[in-house]
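Chain and residue survey
The chain contents come next:
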Amino acid sequence: RLLVTPLWNLGFRFASAPALTLESSVTGEATVVSRFDRNGQGLISIEIDGQLLQVLGSLHPDSRALGERVVVGTRVRIDDVDAARNRCTVSLV
């Protein structure tokens, strides 16, 4: 035990934190990169593990019903993620 414990602790020093995925950004915030069109779709930028990822954002029907324009720089909340298609459903903050 005296020999194994220090080796075990040394091995765990090199372990890294698990990588975050697009799904981990649900309920997080993103920044609008391109103006949303009439269908309520536009590009958003999400920071994941220190990297910026741009995906298609679709406004939640409730937010779209408000009729507000979503312009570049607006902060939005991520409600749902479709990682297979790199899409997110977002709502206004």
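Residues numbered from 1 in each chain as written. Predicted model: local features only at pLDDT ≥ 70, side-chain atom pairs only at ≥ 80, totals over all residues. Heavy atoms only, no water.

1. Concerning unusual backbone geometry
The condition is simple: Put simply, DSSP marks the helices as runs of H or I at least four residues long and the strands as runs of E at least two long, and each gets a number from the N terminus on.
For D49, which is not a glycine, the phi torsion comes out positive at approximately 55°. Looking at the element boundaries, D49 is found in the loop between β2 (41–48) and β3 (51–59). The backbone of N86 shows a phi angle near 50°, a positive value even though the residue is not glycine. By the secondary structure assignment, N86 is in the loop between β4 (75–82) and β5 (87–92).

2. A look at the pairing of β2
The criterion, for reference: Only when DSSP finds a minimum of two bridges between them are two strands counted as paired.
Bridge count for strand β1 (residues 29–32) against β2 is two bridges, and the pairing is antiparallel. Opposite T31, over in β2, you have S45 as the bridge partner. For β2 and β3, the ladder comprises eight bridges, and the chain directions are antiparallel. Looking across to β3, one finds that G42 is bridged to G57. Counted along the chain from β2 to the antiparallel partner β3, the turn is two residues long, and its residue D49 has a positive phi close to 55°.

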